[in-house]
Amino acid sequence: MLDYWEEAYKAALKSEDTNTQVGACLIPVAHIGKYITIGWNYEIAKIPNKLGFVHAEMDVLANASNTIDATLYCTWGCCTNCAKLIVISGVIKMVTAEYDYDKWAQEIKYGHKILRDNGVAIEFRKPFGSLLIGGVLR
């Protein structure tokens, strides 16, 4: 059986953003035992402050064939926009990294509040393997 947490970290390595490599793995409830979709963050437009980036959560949800009652593994806490997308996509659980999010702490705190307020369970895990420092797998 696949280790979904490890798969999310493998997806993060595909990101070309050397400052914040983020990966995600989505497992629909009907497909426990294998993962269906992976995603990572990437840039689609050169706009200041990373406003041209697609987040890993957005990528995985956009490419999934079934998100209802799914579990989402993501190597980074979700922002408020991703949280809203997770809620309306029907995801019921998010597994995410437990560490200090530094300058993004407030945004991620609100993202997690949106999830909890809408019935999405959140499970925190230690970063996989090597340390994740500032969002970068080292």
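Check the entry above for the structure.
The notes below deal with the structure included here. Along every chain, residues carry numbers that run from 1 in the direction the sequence is written. Local features in this predicted model are restricted to residues of pLDDT 70 or higher, and side-chain atom pairs are both shown and tallied only at a pLDDT of 80 or more, whereas totals for entire chains, interfaces and linings draw on every residue. The side-chain values count all of the structure's non-hydrogen atoms but skip hydrogen atoms and water molecules.

1. With respect to the packing of helix α2 (residues 56-63) against helix α3 (residues 80-89)
The N-to-C vectors of α2 and α3 enclose an angle of 25 degrees; their axes lie 9 Å apart at closest approach. As summarised for this structure, α2 and α3 are arranged roughly parallel, according to the angle between their axes. Where α2 crosses over α3, the two elements pack in a sense that is left-handed. Of the residues in α3, those in contact with Glu57, Met58 and Leu61 of α2 are Cys82, Leu85, Ile86 and Ser89. Under this grouping Gly is polar, as are all residues other than the nonpolar Ala, Val, Leu, Ile, Met, Phe, Trp, Tyr, Cys and Pro and the charged Asp, Glu, Lys and Arg. Of the residues in the contact of α2 with α3, the class split is 5 nonpolar, 1 polar and 1 charged. In this analysis an axis means a line fitted to C-alpha atoms, helices contributing only their contacting stretch, and an angle means the value between N-to-C directions, from 0 to 180 degrees. In DSSP terms, a helix is any run of H or I states spanning at least four residues, a strand is any run of E spanning at least two, and both are numbered starting from the N terminus. An angle below 35 degrees is treated as roughly parallel, one above 145 as roughly antiparallel, one from 65 to 115 as roughly perpendicular, and anything else as oblique. Left-handed describes a crossing in which the near helix is turned anticlockwise from the far one by less than a right angle; the clockwise case is right-handed. We call two residues contacting when some pair of their heavy atoms lies within 4.5 Å.

2. Details of the environment of Asn66
Mapped onto the elements, Asn66 comes out in the loop between α2 and β5 (71-74). A relative accessible area of 28% means that Asn66 is categorised as partly exposed. In this structure, Asn66 is in contact with Leu26 and Pro28, ignoring residues within four places of it in sequence. Side-chain atoms alone can form a polar contact between residues adjacent in sequence; in general such a contact is a pair of N or O atoms within 3.5 Å, and within protein one must be able to donate a hydrogen while the other accepts it. At 3.2 Å, the side chain of Asn66 and the backbone nitrogen of Ile68 are in polar contact. The classification of residues rests on relative accessible area computed with a 1.4 Å probe and restricted to protein chains. Under 20% of the type maximum is buried, over 50% is exposed, and intermediate values are partly exposed.

3. Things to note about the nonpolar core
Ranked by internal contacts, the top residues of the largest apolar core, which has 22 residues, are Leu26, Leu72, Cys78, Ile86 and Leu115. Every element with two or more residues in this core is listed here: β1 (23-27), α2, β5, α3 and α4 (105-117). When near neighbours in sequence (up to four residues on either side) are disregarded, Leu72 contacts Ala24, Cys25, Leu26, Glu57, Val60, Ile86, Val91, Lys93, Met94 and Val95. Only buried residues count toward a nonpolar core, which is a set of Ala, Val, Leu, Ile, Met, Phe, Trp, Tyr and Cys residues joined through side-chain atoms within 4.5 Å. Tyr4, Trp5, Ile27 and Val95 belong to the second largest nonpolar core, which has 9 residues in total.

4. Describing the sheet that holds strand β2 (residues 37-40)
Pairs of strands are assigned from DSSP output, requiring at least two bridges between the strands. The strand order across the open sheet formed by 5 strands is β2-β1-β5-β6-β7, and the pairing between neighbours is mixed. The open sheet is flanked by β2 and β7 (121-125), the only strands paired with a single partner. Neighbour-to-neighbour, the strand axes of the sheet open up by a mean angle of 20 degrees, direction not taken into account. Here β1 pairs with β2 via 4 bridges, running antiparallel. Within β2, the position partnered with Leu26 by the bridge is Thr37. Contacts from helix α1 (residues 4-12) reach β1, β2, β5, β6 (93-97) and β7, with the element oriented near 140 degrees to β1.

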